[in-house]
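Listed below are the residues making up each chain.
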Amino acid sequence: MSETANGSTSAGSAEAERTTSGATIQLEDLTKHYPGNPNPAVDSVSMDIKAGETVIFVGPSGCGKSTTLKMINRLIEPSSGRIRINDEDVTDIDPVKLRRKIGYAIQSSGLFPHMTVAENIALVPKMVGWSKSKVKDRVEEMLDLVGLDPREFHGRYPRALSGGQQQRVGVARALAADPPVLLMDEPFGAVDPITRDHLQDELIRLQHELHKTIVFVTHDFDEAIKLGDRIAVLRERSHIAQFDTPEAILTNPTDDFVSGFVGAGAALKRLNLTRVRDVEMAAFPTVTVDDPLQSIFNKLRSGPHNELLMLDRRNRPYKWLRRGDLMRARGSLARAGQLVHDTVTRDATLHDALEAVLTDSGGRVAVTGRRGEFIGVVDMQTLMNSVHELLEADRLAAIEHQHDLEELRSHQTEAELEGGAGA
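Residues numbered from 1 in each chain as written. Predicted model: local features only at pLDDT ≥ 70, side-chain atom pairs only at ≥ 80, totals over all residues. Heavy atoms only, no water.

### Thoughts on the overall build of the chain
Link 1 in the chain: In terms of regular secondary structure, the chain is built from 16 helices and 17 strands.
Link 2 in the chain: Each principal axis of the C-alpha distribution contributes one length, and for the chain these read about 90 × 75 × 45 Å.
Link 3 in the chain: Looking at the 423 residues of the chain, the share that counts as buried comes to 45%.
Link 4 in the chain: Considering only contacts in the chain between residues 6 or more positions apart, those separated by 24 or more positions represent 62%.
Link 5 in the chain: Here the chain displays about 20,500 Å² of accessible surface, and carbon together with sulfur accounts for 51% of that area.
Link 6 in the chain: In the chain, 50 positive and 62 negative side-chain charges are present, and the distance between their average locations comes to 10 Å. (Helix = DSSP H or I, 4+ residues; strand = E, 2+ residues; numbered from the N terminus. Buried < 20%, exposed > 50% of the residue type's maximum accessible area, 1.4 Å probe, protein only. Contact = heavy atoms within 4.5 Å. Areas by Shrake-Rupley, 256 points an atom, 1.4 Å probe, with all protein chains shown as cover. Lys, Arg positive; Asp, Glu negative; His and termini not counted. Charge placed at Lys NZ, Arg CZ, Asp CG, Glu CD.)

### A short note on the confidence of the model for the chain
Link 1 in the chain: For the chain, the mean per-residue pLDDT works out to 86, and 91% of the residues sit at or above 70.
Link 2 in the chain: Looking over the chain, one finds the lowest element-wise mean pLDDT in helix H1 (residues 13-17), namely 39, and the highest in strand E3 (residues 54-58), namely 97.
Link 3 in the chain: This model gives residues 1-18 a pLDDT under 50, and the stretch forms 33 contacts once residues within four places in sequence are excluded. (pLDDT = per-residue confidence, 0-100.)

### Here we look at the sheet that holds strand E11 (residues 286-288)
Link 1 in the chain: Strand order in the open sheet formed by 4 strands is E11-E12-E13-E14, and the pairing between neighbours is mixed. At either end of the open sheet lies a strand with only one pairing partner, and these are E11 and strand E14 (338-339).
Link 2 in the chain: In this sheet, strand E12 (residues 307-311) lies alongside E11 in parallel orientation, the contact comprising 3 bridges. When the sheet's bridge partners are listed, Val-287 is paired in E12 with Met-310.
Link 3 in the chain: Set on the sheet, helix H13 (residues 293-302) makes contact with E11, E12 and strand E13 (317-322); between it and E12 the angle comes to about 150°. (Pairing = 2+ DSSP bridges. Axes fitted to C-alpha atoms, helices over the stretch in contact; angles between N-to-C directions.)

### Observations concerning the layout of surface pockets
Link 1 in the chain: In this model, the largest pocket occupies a volume close to 1,100 Å³.
Link 2 in the chain: Along the wall of the largest pocket there are 33 residues; nearest its centre are Arg-168, Gly-369, Arg-370, Arg-371 and Gly-372.
Link 3 in the chain: Every element with two or more residues in the lining of the largest pocket is listed here: helix H6 (150-153), helix H7 (163-175), helix H8 (193-210) and strand E15 (343-345).
Link 4 in the chain: For the lining of the largest pocket, the leading source of residues is H8, giving 7 residues.
Link 5 in the chain: For the lining of the largest pocket, the per-class residue count stands at 5 nonpolar, 13 polar and 15 charged. (1 Å grid on protein atoms, 1.4 Å probe; cavity = no way out; pocket = protein on both sides within 12 Å on 5 of 7 lines; lining within 4 Å. Points joined across faces, edges and corners; volume = space filled by probe spheres on them. Nonpolar A, V, L, I, M, F, W, Y, C, P; charged D, E, K, R; others polar.)

### Re the pattern of salt bridges
Link 1 in the chain: Applying the stated criterion to the full structure yields 25 salt bridges.
Link 2 in the chain: When the shortest N-O distance is used, the salt bridge between Arg-196 and Asp-220 registers 3.7 Å. One end of the pair, Arg-196, is in helix H8; the other, Asp-220, is in the loop between strand E8 (213-218) and helix H9 (221-227), with 24 residues separating them in the sequence.
Link 3 in the chain: Classification of Arg-196 by relative accessible area gives buried; the value is 14%.
Link 4 in the chain: On the accessibility criterion, Asp-220 (22% relative accessible area) is partly exposed.
Link 5 in the chain: Ionic contacts of the salt-bridge type, sharing partners, join the residues Arg-138, Glu-141, Asp-178 and Lys-212 into one network. (Salt bridge = Lys/Arg side-chain N within 4 Å of Asp/Glu carboxyl O.)

### Comments concerning H7
Three or four residues apart is the spacing at which side chains of an α-helix point the same way, because the helix has 3.6 residues per turn.
Link 1 in the chain: The terminal C-alpha atoms of H7, which comprises 13 residues, lie 19 Å apart, in line with the 18 Å expected from a rise of 1.5 Å per residue.
Link 2 in the chain: Judged by how many residues are buried, H7 sits mostly within the fold: 10 of 13 residues are covered.
Link 3 in the chain: Of all the residues in H7, the buried ones are Gly-164, Gln-167, Arg-168, Val-169, Gly-170, Val-171, Ala-172, Arg-173, Ala-174 and Leu-175.
Link 4 in the chain: Packing partners of the buried residues in H7 comprise strand E6 (102-106), helix H4 (117-127), helix H5 (132-145), strand E7 (181-185) and H8. (Expected span 1.5 Å × (residues − 1).)

### A few points about the sheet that holds E3
Link 1 in the chain: What the 6 strands build is an open sheet, ordered E6-E7-E8-E3-E9-E10; its pairing is mixed. Of all strands in the sheet, those with a lone pairing partner are E6 and strand E10 (240-244), marking the two edges. For this sheet, the mean inter-axis angle between neighbouring strands, taken without regard to orientation, is 15°.
Link 2 in the chain: One ladder, built from 5 bridges, connects E3 with E8; its direction is parallel.

### What about the side chain of Arg-74?
Link 1 in the chain: Along the chain, Arg-74 turns up in the loop between helix H2 (65-72) and strand E4 (80-85).
Link 2 in the chain: In this structure Arg-74 comes out as buried when scored by relative accessible area, which is 6%.
Link 3 in the chain: In this structure Arg-74 touches Ile-83, Val-90, Thr-91, Asp-92, Ile-93, Asp-94, Pro-95, Leu-98 and Arg-99, once residues within four positions along its chain are discounted.

### Quick word on empty space enclosed by the protein
Link 1 in the chain: For the coordinates displayed, the defined rule picks out 2 cavities of 30 Å³ or more.
Link 2 in the chain: Lining the largest cavity, in full, are Val-146, Gln-167, Arg-168, Val-171, Phe-188, Leu-199, Glu-202, Leu-203 and Leu-206.
Link 3 in the chain: Among the secondary structure elements, those contributing two or more residues to the lining of the largest cavity are H7 and H8.
Link 4 in the chain: For the lining of the largest cavity, the element with the most residues is H8, which contributes 4 residues.

Now the structure itself:
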């Protein structure tokens with residue numbers, strides 16, 4: 001965002017402000033000892049994290065994953081080791097200045113209850129000396145970015161927000177000063193499953209736009225698969241059991257410890273690697289709440305589907321209407337049909353979509369955009385086709401792996417025979 005001499009912001013500044021991408025992070029032999037405990041909580045962790053990637057720390061409770069995360073912004077001071085961000089050694093610089101350059105989001109959102117939503121988001125930009133006009137524009141931009149209407153939420157206090165809305169504001173505050181790095185410590189762990197799915201989708205969408213470097217702690221392996229470019233499976237004291245892509249960990253876990261995190265149904269878990277936007281959405285007839293009753297009747301009678309989707313005045317899914325619903329309700333739209341209880345976004349995984357479809361009697365789920373507007377429908381047939389494709393891919397990969405093993409054994413046998421003959 002560029003500013004004029006008097007501190008005002010030039011046109012188009014909100015979009016221009018979003019310029020900082022991610023930073024590289026290097027952890028070198030990072031260790032944490034606590035007094036009175038002979039064993040380190042974190043023991044010599046070394047890791048290279050690429051700029052713009054999302055890395056997930058997953059492991060059993062007490063393994064040191066949150067401690068490792070907090071040492072990156074020095075909320076917990078390392079006992080030894082080095083931290084480099086964009087090749088700059090930050091181990092010895094002022095930790096307060098360091099934290100202003102690193103976004104941080106936690107499970108409870110961490111919002112200050114005596115501050116409005118706008119004041120919470122503006123906190124760090126004000127601390128680093130942004131002008132009033134720049135801060136004001138940034139607050140509105142960040143609220144819009146996380147899917148909250150600035151006009152509606154600007155002056156609210158945290159107590160007036162749902163858990164999911166508080167977490168969105170927490171993420172907006174963490175990103176407000178445009179930091180290259182965002183640390184997230186189980187940020188969605190305290191909300192209900194449906195809200196959690198939507199918050200995960202929102203984070204995927206944000207990262208697709210912003211390309212920050214995100215380090216994210218979770219105990220939920222499904223969440224790790226869904227969000228991570230790479231996953232670090234951590235043992236006790238944050239020893240790295242495997243640090244790889246979700247697909248590599250699912251298909252080729254290094255040992256029994258990692259296999260225990262993968263669990264059963266690896267093929268189904270791979271549905272977390274495919275997004276709704278990557279599959280074809282089914283054509284589906286829609287009407288709006290303002291359409292004439294006779295027009296809705298005619299569309300139900302004449303169309304190939306035995307139901308249609310009614311949209312509200314903001315183009316959001318409102319009700320599923322089947323043939324016969326209007327007759328049973330004696331022509332009353334208020335009493336007819338079934339309210340839409342669950343939707344998925346384009347950034348949701350096929351696993352999310354499958355769960356939504358399985359809990360719905362109609363065998364389909366509506367797909368929505370960032371404002372909740374209707375985009376299309378994903379049905380059971382589409383999802384089952386994707387499952388079959390994944391299973392077939394796994395079968396072919398297993399055959400190829402077996403072939404490679406047999407070829408390797410054959411070469412080893414030939415080498416041993418040649419070695420014996422030479423002797």
